[in-house]
There are 2 protein chains.
Amino acid sequence: MKKRKSRLPVIVDILTHNSIGSQEELSKQLAIRGYIVTQATLSRDLKMLRTTKIATDMGGYRYIIADSERLSNEPFAKTQNTVQSSLHPAALSLSVSGNLVVIKTRNGYASGLAYDLDMLESQHILGTIPGADTVFAVVNETSSRKDLFNLFQSFLPQSVLDAAKHQFLGEDNE
Amino acid sequence: MKKRKSRLPVIVDILTHNSIGSQEELSKQLAIRGYIVTQATLSRDLKMLRTTKIATDMGGYRYIIADSERLSNEPFAKTQNTVQSSLHPAALSLSVSGNLVVIKTRNGYASGLAYDLDMLESQHILGTIPGADTVFAVVNETSSRKDLFNLFQSFLPQSVLDAAKHQFLGEDNE
DNA sequence: TGAAATAATAAATATTTATGCGTTTTCTAT
DNA sequence: ATAGAAAACGCATAAATATTTATTATTTCA
């Protein structure tokens, strides 16, 4: 049975949009989607994806995807575009410095947010790199701050945008 | 016995400069430095530090420190400044884009390199965020490329610098 | 086609990590 | 100084994860 190829993107998707704390949990989520595998296989899958379990600030754990898997390889671009265009609830703050946007998230959510940001396929964002609770996004040199503001308007909660508004109006406003 | 406070920075130091693949290994390294603790305690320590085990491309595993612990809290600034000013052997390449420096490292070493870069406390580097094999460093807007070149000259191997030299001489050379 | 090589997987097991609980130490406020 | 609370810790064990081994499916190519 060679389901691995189709399964890995699904795992990425699950981990990105859910808080999965163990391989058993993941197994159940996969089962729902028609993939029946043992924990042993998941251990290998996760190693392959360079997934990693990290403590959340809720006291538990959560699997997140390491950056390089998404930054360079990007073999999973077109999963099952589950990007709900709803505003991203895990975002805490946003700031801009030069061609760089820094988004702080609740711990464990950076990966998911970066993923969703990627999925927008905006010409204004050249690439993202998530940590555990921080996303760096590199901005296209030709994009204006107004472009960015518009982009994030449909992506981040109003409260976050409000707090960051001055960032988009300062100098360099093209 | 309340050694935790003094132990945590040592753990950060050990994980930063060594490839530690299990809590047993870490325990041994700590013992060498005079900290005798059980695995149970290390499990708690590592959770507290938001440390995480990630697959290396050597087929094994390695603990790395999550970014935010170092980015925001930074309670461990002045550990035992074990920053050997020797050139960083894990660095593979360096590139500059705008106010951003991107350093590629061997897998698992980004965290350590970012840590050492932080330790330089250069005014030219505002902050770093490590992934598994990539470090993003945000550059002070007022720093010149020449400043950067000088900075990295004493930090990265000559071969890496050579390959990146043109990056510092192109446009925007102040 | 069919033999050999490769890859994916499960089952069982080994290894590693997390945690409940009881004890001791440290801290805090009186 | 001392009671009470909080934090740190070890021990034992539970829970989770990684790996060994064997099996089956898939690919390759003669």
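Residues numbered from 1 in each chain as written. Chains lettered and ligands numbered in written order. Predicted model: local features only at pLDDT ≥ 70, side-chain atom pairs only at ≥ 80, totals over all residues. Heavy atoms only, no water.

### A closer look at the pairing of strand β6 (residues 134-139) of chain B
Look at any regular strand and the pattern is simple: side chains alternate between the two faces of the sheet. Residue and element names in this part refer to chain B. The buried fraction of β6 is high, at six of six residues. A two-sided burial pattern is seen for β6, the buried positions comprising T134, F136 and V138 on one face and V135, A137 and V139 on the other. The pairing of strand β4 (residues 100-105) with β6 spans five bridges and is antiparallel. In the strand pairing of β6, V101 is matched with A137. (Buried < 20%, exposed > 50% of the residue type's maximum accessible area, 1.4 Å probe, protein only. Helix = DSSP H or I, 4+ residues; strand = E, 2+ residues; numbered from the N terminus. Pairing = 2+ DSSP bridges.)

### What about the pattern of salt bridges?
Throughout the structure, instances matching the rule amount to four salt bridges over all chains. Across the salt bridge formed by D45 of chain B and R4 of chain B, the nearest N and O atoms sit 2.8 Å from each other. Remark: R4 of chain B occurs in helix α1 (residues 4-17) and D45 of chain B occurs in helix α3 (residues 39-48); sequence separation between them is 41 residues. When the shortest N-O distance is used, the salt bridge between R7 of chain B and D45 of chain B registers 2.6 Å. Remark: D45 of chain B occurs in helix α3 and R7 of chain B occurs in helix α1; sequence separation between them is 38 residues. Counted as one network, the salt bridges with shared partners bring together R4, R7 and D45 of chain A. (Salt bridge = Lys/Arg side-chain N within 4 Å of Asp/Glu carboxyl O.)

### Let's talk about the pairing of β4 of chain B
All names here are of chain B. Burial analysis of β4 places five of its six residues in the buried class, which makes it a mostly covered element. Bridge analysis of strand β3 (residues 91-97) against β4 gives six bridges, and the strand direction is antiparallel. Paired with V96 across the two strands is V101, which belongs to β4. If you look at the hairpin formed by β3 and β4, you'll find two residues sitting between the two strands, and G98 has a positive phi there, around 60°.

### Focus: the sheet that holds strand β4 (residues 100-105) of chain A
Residue and element names in this part refer to chain A. As summarised here, the arrangement of the four strands in space is β3-β4-β6-β5, forming an open sheet in which the pairing is antiparallel. Because the sheet does not close on itself, it has two edges, and the strands there are β3 (91-97) and β5 (125-130). Sheet twist, expressed as the average angle between the axes of neighbouring strands with direction ignored, equals 20°. Most of the contacts of helix α5 (residues 110-119) go to β5, to which it runs at about 165°, and overall it touches β3, β4, β5 and β6 (134-139). (Axes fitted to C-alpha atoms, helices over the stretch in contact; angles between N-to-C directions. Contact = heavy atoms within 4.5 Å.)

### Things to note about the packing of α1 of chain B against α3 of chain B
Residues and elements named next belong to chain B. Remark: α1 packs on α3, axes separated minimally by 11 Å, with the N-to-C direction vectors making an angle of 75°. Taken together, the axes of α1 and α3 lie roughly perpendicular to each other. Every residue of α3 that contacts α1 at R4, R7, L8, I11 and L15 is listed here: T41, L42, R44, D45, L46 and M48. Across the contact of α1 with α3, the residue classes break down as six nonpolar, one polar and four charged. (Parallel < 35°, antiparallel > 145°, perpendicular 65-115°, else oblique. Nonpolar A, V, L, I, M, F, W, Y, C, P; charged D, E, K, R; others polar.)

### Brief notes about helix α1 (residues 4-17) of chain A
All names here are of chain A. Its 14 residues place the ends of α1 20 Å apart at the C-alpha level, agreeing with the 20 Å of an ideal helix rising 1.5 Å per residue. When you tally the buried positions in α1, you get 10 out of 14 residues, the bulk of the element. Those residues of α1 that sit buried are R7, L8, P9, V10, I11, V12, D13, I14, L15 and T16. At its buried positions, α1 is contacted by α2 (23-32), α3 (39-48), β1 (51-55), β2 (61-65) and α5. (Expected span 1.5 Å × (residues − 1).)

### Comments concerning the environment of T128 of chain B
Within the secondary structure layout, T128 of chain B lies in strand β5 (residues 125-130). The buried category is assigned to T128 of chain B, whose relative accessible area is 3%.

None of this, on its own, says anything about what the molecule does.
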